[in-house]
Amino acid sequence: MKTSRVSFAAALAAGSVLLLSGTAFAHVGVQPGEATKGGYATINFKVPNERDGAATTQLEVNFPVDQPLSSVMPQDVPGWTVNVEKTKLDKPLTVHGKQINEAVTKVTWTGGKIESGRFQQFPLSIGKLPDNADKMVFKAIQTYDNGEVVRWIEEAKEGAAEPQNPAPVLKLNAAPAEGDHHDAKTDGDKNAAADPKDSHDEAAAKTGSDTTARALGVAGIVIGLGGVAFGIASRRRTS
């Protein structure tokens, strides 16, 4: 009876975890979730289908109009047709000495199917990323073949719970400063040039530690076997 209760509790806990995590993993997201400010990146919009009996047939991704990108290039996805829409800019961008008068505002994939319990990734190469912002928010619209439309357009607020239909967010990090990279080889040379006596003492200490650990391990095994034998003997006496 006790075993049945434990099994039921474990199953209930596992079911609760799956239920609570379902909404967290079911939304449209962007991967990887981070990129470098002022640079270029390849990102994937990951679209899962959590609906039973309905397939996803269209994904629409809207780009923030206040963060225009000079380059957005989709990678072909087998079975899908991609359409890139551009809008003329009020203020032209200058990229690599060249003026850009329009920017991508929407990318739409159609013609394919994401069946229930499956997901699809839609890759894009984008840039030049903003250097004066900490994130980019892409509002996505997912359409199913049964006519259902899910709008992943809600922006998360700091300190608040995740919204019901969160929009994909790309976090923008500052480029690493020169000299921040750690030179492992230099550290290795320093260690090699250390006092040989110190190295010998460290080796001796390590050997002593290993010996002690082995001894404690053997002692633990012996004590464990003794406990098992004592338990068996006690059961026999009780019987």
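Here the structure is a predicted model, which is why all the values come from computation and not from measurement.

Engineer: Which parts of the structure should I look at to understand unusual backbone geometry?
Structural biologist: Glycine aside, residues mostly have negative phi angles, and peptide bonds mostly take the trans form. Between Q31 and the following residue, P32, the backbone shows a cis peptide bond with an omega angle of -10 degrees. Turning to its location among the elements, P32 is positioned in the loop between strand 1 (29-31) and strand 2 (34-36). Residue K128 follows G127 across a cis peptide bond; omega there is -15 degrees.

Engineer: Quick question: what am I supposed to make of the environment of L93 here?
Structural biologist: Residue position: L93 is located in strand 6 (residues 81-95). Residue class for L93 comes out partly exposed when judged on its relative accessible area of 23%. Taking the C-alpha atoms as reference, L93 lies 8.4 Å from P68; in sequence the two are 25 residues apart. Contact partners of L93, with chain neighbours within four places excluded, come to P68, S70, K98, Q99 and I100.

Engineer: In this structure, what is going on with the confidence of the model for the chain? I would like to understand it.
Structural biologist: Low pLDDT means the predicted coordinates in that region are not meant to be read closely. For the chain, mean pLDDT is 77; residues scoring 70 or higher make up 64% of the total. This model gives residues 1-24 a pLDDT under 50, and the stretch forms one contact once residues within four places in sequence are excluded. Low confidence marks residues 203-209, where pLDDT is under 50. Its contacts with residues over four positions away, or in another chain, come to zero contacts.

Engineer: I'm lost on the pattern of salt bridges in this one. Help?
Structural biologist: Note on pairing: side chains with opposite charge can pair once their charged atoms come close. Counted according to the given criterion, the structure contains four salt bridges. The partner of R51 in a salt bridge is E50, and the shortest N-O contact between them spans 2.7 Å. One network of salt bridges, in which partners are shared, links E50, R51 and E148.

Engineer: Hey, could you run me through the nonpolar core in this one?
Structural biologist: Looking at soluble globular proteins, one finds that nonpolar side chains tend to be buried together. Grouped together as the largest cluster of nonpolar side chains are 32 residues, with contacts concentrated most on L59, F63, W109, L124, I126, L129 and L170. Counting only elements with at least two residues in this core, the list comes to strand 3 (41-48), strand 4 (56-62), strand 7 (98-114), strand 8 (119-127), strand 10 (139-144), strand 11 (149-152) and strand 12 (169-173). Sequence-distant contacts of I126, defined by excluding residues within four places in its chain, comprise G39, Y40, A41, I43, F63, L69, S71, V72, F138 and L170.

Calculation notes
Residues numbered from 1 in each chain as written. Predicted model: local features only at pLDDT ≥ 70, side-chain atom pairs only at ≥ 80, totals over all residues. Heavy atoms only, no water. Helix = DSSP H or I, 4+ residues; strand = E, 2+ residues; numbered from the N terminus. Buried < 20%, exposed > 50% of the residue type's maximum accessible area, 1.4 Å probe, protein only. Contact = heavy atoms within 4.5 Å. pLDDT = per-residue confidence, 0-100. Salt bridge = Lys/Arg side-chain N within 4 Å of Asp/Glu carboxyl O. Core = buried A, V, L, I, M, F, W, Y, C linked by side-chain atoms within 4.5 Å.

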